Amino acid sequence: TVIVEVILTDRMLNYIETGQRSDIISTHLPSGSVSSKLSRISPFLHPVTHSTEAEIELPNPENYLKSGMFTSVDIHYGESENATLVPLSALHENPLSGATGVYVSRDTANKIPQNLDELKAAGNLTEAIGFEFIPVDVLAKGRMSAGVTGIEPNQWVVTIGQDLFGGENGQAKMRPIKWDWVEYLQNLQREDLLNEILQKKNSPTDTLAS
């Protein structure tokens, strides 16, 4: 077991409590992230920084995480049992109405392959499937997913290419992929962006002269 220490500001204490689910994200973990509950929050604020420390106890049987490592932490402070989780990339701002929502398939039961063998047999793309834009209320956002209301669980949602619909409902052939693969791709996008920023920062061509 390891203890992950998190710095919280006094403003965070208005909505962060012990027991809330937390995602610990690290490149040292095989899956990239692991979940645990926020174990405790110190009641004492630093007199200058107005911050305090919180702790997350995390099982670490394989010793992937070691003392002194830095990790990122997402605390799901807005979670609700009545929310439906969707990948962050599924959220889309409709250019016609300005509403935030997701494109949901209404006729996936008989048209979307239910396993990889069926998908390969179908040529990796489904037949044309109808999609409808559904506005949602975003209750909480994490690093990889968002809790929303307005759609039902276990529905297929579009995670890339929403701009091609132009804000309208319509049909499209799709390539179904699993949730964990979507999260993996989202994580790669963040890592690529961070590496690009660091490369530009260290590049001699980015040096300012006065």
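All figures in this text were calculated on a predicted structure; none of them were measured in a lab. (Residues numbered from 1 in each chain as written. Predicted model: local features only at pLDDT ≥ 70, side-chain atom pairs only at ≥ 80, totals over all residues. Heavy atoms only, no water.)

Some words on the sheet that holds strand β12 (residues 145–149)
Point 1. Ordered in space as β7-β12-β11, the three strands form an open sheet in which the pairing is antiparallel. Here the strands that pair on one side only, and so sit at the sheet edges, are β7 (84–87) and β11 (137–141). Put simply, the sheet's adjacent strands are angled 40° from each other on average, direction ignored.
Point 2. Taken together, the four bridges between β11 and β12 define a ladder with antiparallel strand orientation. (Pairing = 2+ DSSP bridges. Helix = DSSP H or I, 4+ residues; strand = E, 2+ residues; numbered from the N terminus. Axes fitted to C-alpha atoms, helices over the stretch in contact; angles between N-to-C directions.)

Focus: the sheet that holds strand β5 (residues 51–58)
Point 1. Strands sit in the order β1-β5-β4 across an open sheet of three strands; the sheet is antiparallel. Strands with a single pairing partner mark the edges of an open sheet, and in this sheet they are β1 (2–9) and β4 (40–41).
Point 2. Relative to β5, β4 runs antiparallel, the two sharing two bridges. Bridge assignment links Arg40 to a residue of β5, and that residue is Glu55.

Some words on the nonpolar core
Point 1. Counting 13 residues, the largest nonpolar core has Val4, Val6, Leu8, Leu38, Ile56 and Leu58 as its most contacted members.
Point 2. Those elements giving two or more residues to this core turn out to be β1 and β5.
Point 3. Broken down by element, this core gets its largest block of residues, four residues, from β1.
Point 4. In this structure, Leu8 is in contact with Leu13, Ile16, Ile41, Ser51, Thr52, Ala54 and Ile75, ignoring residues within four places of it in sequence. (Core = buried A, V, L, I, M, F, W, Y, C linked by side-chain atoms within 4.5 Å. Buried < 20%, exposed > 50% of the residue type's maximum accessible area, 1.4 Å probe, protein only. Contact = heavy atoms within 4.5 Å.)

Describing the pairing of strand β2 (residues 21–25)
Point 1. Here β2 lies mainly inside the structure; four of its five residues are buried.
Point 2. For β2 and strand β3 (residues 33–37), the ladder comprises five bridges, and the chain directions are antiparallel. Of the residues in β3, the one forming a bridge with Asp23 is Ser35.
Point 3. Pairing of β2 with strand β6 (residues 72–75) involves four bridges; the strand directions are antiparallel. Counterpart to Ile25 in the pairing with β6 is Ser72.

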